[in-house]
Amino acid sequence: MRPEPSKSLSRKALPAWRLQAFVESLFVALVPIAYGVLLYFFQFPFWILWGLIGCYLLYLFLFVYLLPPLRWKRWRYDVLAEEIDLKHGVFIVKRTLIPMSRVQHVDTEQGPLLRRYQLAAVSISTAATVHRIPSLTIEVADELRDRIAQLAAVAEDE
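Criteria and cut-off values
Residues numbered from 1 in each chain as written. Predicted model: local features only at pLDDT ≥ 70, side-chain atom pairs only at ≥ 80, totals over all residues. Heavy atoms only, no water. Helix = DSSP H or I, 4+ residues; strand = E, 2+ residues; numbered from the N terminus. Expected span 1.5 Å × (residues − 1). Buried < 20%, exposed > 50% of the residue type's maximum accessible area, 1.4 Å probe, protein only. Arc of directions from axis to C-beta. Pairing = 2+ DSSP bridges. Contact = heavy atoms within 4.5 Å. Axes fitted to C-alpha atoms, helices over the stretch in contact; angles between N-to-C directions.

Would you explain helix α2 (residues 30–41) in this entry?
Note that an α-helix has 3.6 residues per turn; residues three or four places apart therefore point the same way. Taking 1.5 Å of rise per residue, 12 residues should cover 16 Å, and α2 covers 17 Å from first to last C-alpha, within 8% of that figure. All of the buried residues along α2 are P32, Y35 and L39. Relative to the axis of α2, the buried residues are bounded by an arc of 60° and lie together on one face. Facing away from the buried side of α2, by more than 90 degrees, are the exposed residues I33, Y40 and F41.

Below, the structure written as C-alpha cells:
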C-alpha cells in the first residue's frame, strides 16, 4: 500500500478560502432578497422568507466556517522523482498520481485573492487535463514549479 502524501498547503489558505466562500455566498443571498422583494409586491407566504434566510445562514455556516478547515486538512501532495501524488476532498476523497513522463508544462497562478494573502497555485498540465495544487506560499509554489519542470524534463529524456 502506497503511503499518504505528506506535504500540506499553507495555513494562509484558510482565510483565503473563507473570503472566497463569503463572496460566493453573496450570490446565494440573492434568493432570499429576491423573495423579499416579491413579498413586498405580491401576497406570498411570509414564513417562506424566514425559511430562505435560515437556509442561507446554514449555507454560510457550512461553506464559510466549517468546510475550509476540513478541506485544508485533507489536501495533501508529494512530488517524487517518478510521479506527483495528490490527495484532496472533503466528502469524496480523490487521489491522483501524475507520472512525470505525462507532464507537459507547469505554471504558477496568482489571482487577486491569492495575491492578497501572498499565495500561489501550481498548475500541472498533462495531455488530458490540468491538475492544481492550490494555496501554496509564493516561495514554495515557485520552488515546486521549478522542481516539477526539472523532473519532467529528466523523465522525458529517458
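Moving on, there is more to tell.
Is there a simple way to explain the sheet that holds strand β3 (residues 83–88) in this structure?
Note: strands within a sheet are paired through backbone hydrogen bonds, in either parallel or antiparallel orientation. Taken in spatial order, the 4 strands of this open sheet run β1-β2-β3-β4, and their pairing is antiparallel. What marks the edges here is a single partner per strand, and that holds for β1 (7–8) and β4 (94–99). Examined bridge by bridge, β1 and strand β2 (residues 76–79) share 2 bridges and lie antiparallel to one another. When the bridges of β2 are listed, S8 appears paired with R76. Seen against the sheet, helix α3 (residues 47–74) touches β1, β2 and β3 and runs at an angle of roughly 25° to β2.

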